[in-house]
Amino acid sequence: SMKELSFTMLALASAMLSNVSSAARGVLSKKTMSGKQIGENMDAQNLYAVLTAISTAVLIPITLALEGTGFFSAFKGVVAKGDFTNKALASLMFLSGATYYAYNEVAFLALGKVNPVTHAVGNTIKRVVIIVASVVAFKTPMSTGSIIGSSIAIAGTLMYSLAMNASKSKKE
C-alpha cells in the first residue's frame, strides 16, 4: 500500500506492467493456440519454449545495456561473503530458473485448456493466496487497506466463477 515504507510509484508501475504483460501474453498465446496451424509440432509446450527463447534473446542485450556486468560483481560478492561457493550459488540459480520455467510451462499448458480470462483470474487469486499464506507463515501484520484489497480480489474471483458457471448452465 502507499503507506508502506518501501512503496514507490516505479514499483507500482512495474507491477502493473507485469500484470498487464502477463495477461496479454496469455490472451495472445491462447489466440495463437486456438487458431489455424502455425507450424509443425507447435503445441502449447513448444509455443512456450519458443516464446521463452525469443524473450531471452531480447532481454539479454537489454539487461547488459542497463545493468552492465554488475551481475558478475554481485555474484562474486556473495561468494566472497562465504555463504556460498561458486558451484553452490550457480546450482541454486540454475534450480531457481528451472523450477520457474517448469511452473510457467504448467501454467501455459493450463492456458491451453481454459479460457484466457479464467486463466488470468486464476493467476490473480493465486497471487492473493500466496500473499495471505505469506502473511500467516511469517506473521506479518496486514494493514486495513491490504485486507480490503485481498478481500476484493477474492470476492471478485468468486463472483466471476459463479457468473461463468451460471453462463455455462444457461447454454446447456
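Note: the structure precedes this text.
Now for a quick tour of the structure. (Residues numbered from 1 in each chain as written. Predicted model: local features only at pLDDT ≥ 70, side-chain atom pairs only at ≥ 80, totals over all residues. Heavy atoms only, no water.)

Regarding the overall build of the protein chain
Stage number 1. Counting secondary structure elements, the protein chain contains six helices and zero strands.
Stage number 2. Listed N to C, the secondary structure of the protein chain is α-α-α-α-α-α in terms of helices and strands.
Stage number 3. Across the 172 residues in the protein chain, those meeting the buried criterion constitute 13%.
Stage number 4. Working note: accessible area of the protein chain is about 12,800 Å², and carbon and sulfur atoms make up 70% of it. (Helix = DSSP H or I, 4+ residues; strand = E, 2+ residues; numbered from the N terminus. Buried < 20%, exposed > 50% of the residue type's maximum accessible area, 1.4 Å probe, protein only. Areas by Shrake-Rupley, 256 points an atom, 1.4 Å probe, with all protein chains shown as cover.)

Side note on the packing of helix H2 (residues 44-67) against helix H4 (residues 86-113)
Stage number 1. Two elements in contact, H2 and H4, have axes whose closest approach is 9 Å; the angle formed by their N-to-C orientations is 130 degrees. Taken together, the axes of H2 and H4 lie oblique to each other. Between H2 and H4 the crossing geometry is right-handed. Here Ala44, Gln45, Leu47, Tyr48, Ala49, Leu51 and Thr52 of H2 lie close against H4, whose contacting residues are Tyr101, Asn104, Glu105, Phe108 and Leu109.
Stage number 2. For the contact of H2 with H4, the class distribution of residues is eight nonpolar, three polar and one charged. (Axes fitted to C-alpha atoms, helices over the stretch in contact; angles between N-to-C directions. Parallel < 35°, antiparallel > 145°, perpendicular 65-115°, else oblique. Left-handed = near helix turned anticlockwise from the far one by under 90°. Contact = heavy atoms within 4.5 Å. Nonpolar A, V, L, I, M, F, W, Y, C, P; charged D, E, K, R; others polar.)

Quick word on the nonpolar core
A general trend in soluble globular proteins is that nonpolar side chains are found buried together.
Stage number 1. Ranked by size, the top nonpolar core spans five residues in total: Ala44, Leu47, Tyr48, Phe108 and Leu111.
Stage number 2. Only H2 and H4 provide two or more residues apiece to this core.
Stage number 3. It is H2 that contributes the most residues to this core, three residues altogether. (Core = buried A, V, L, I, M, F, W, Y, C linked by side-chain atoms within 4.5 Å.)

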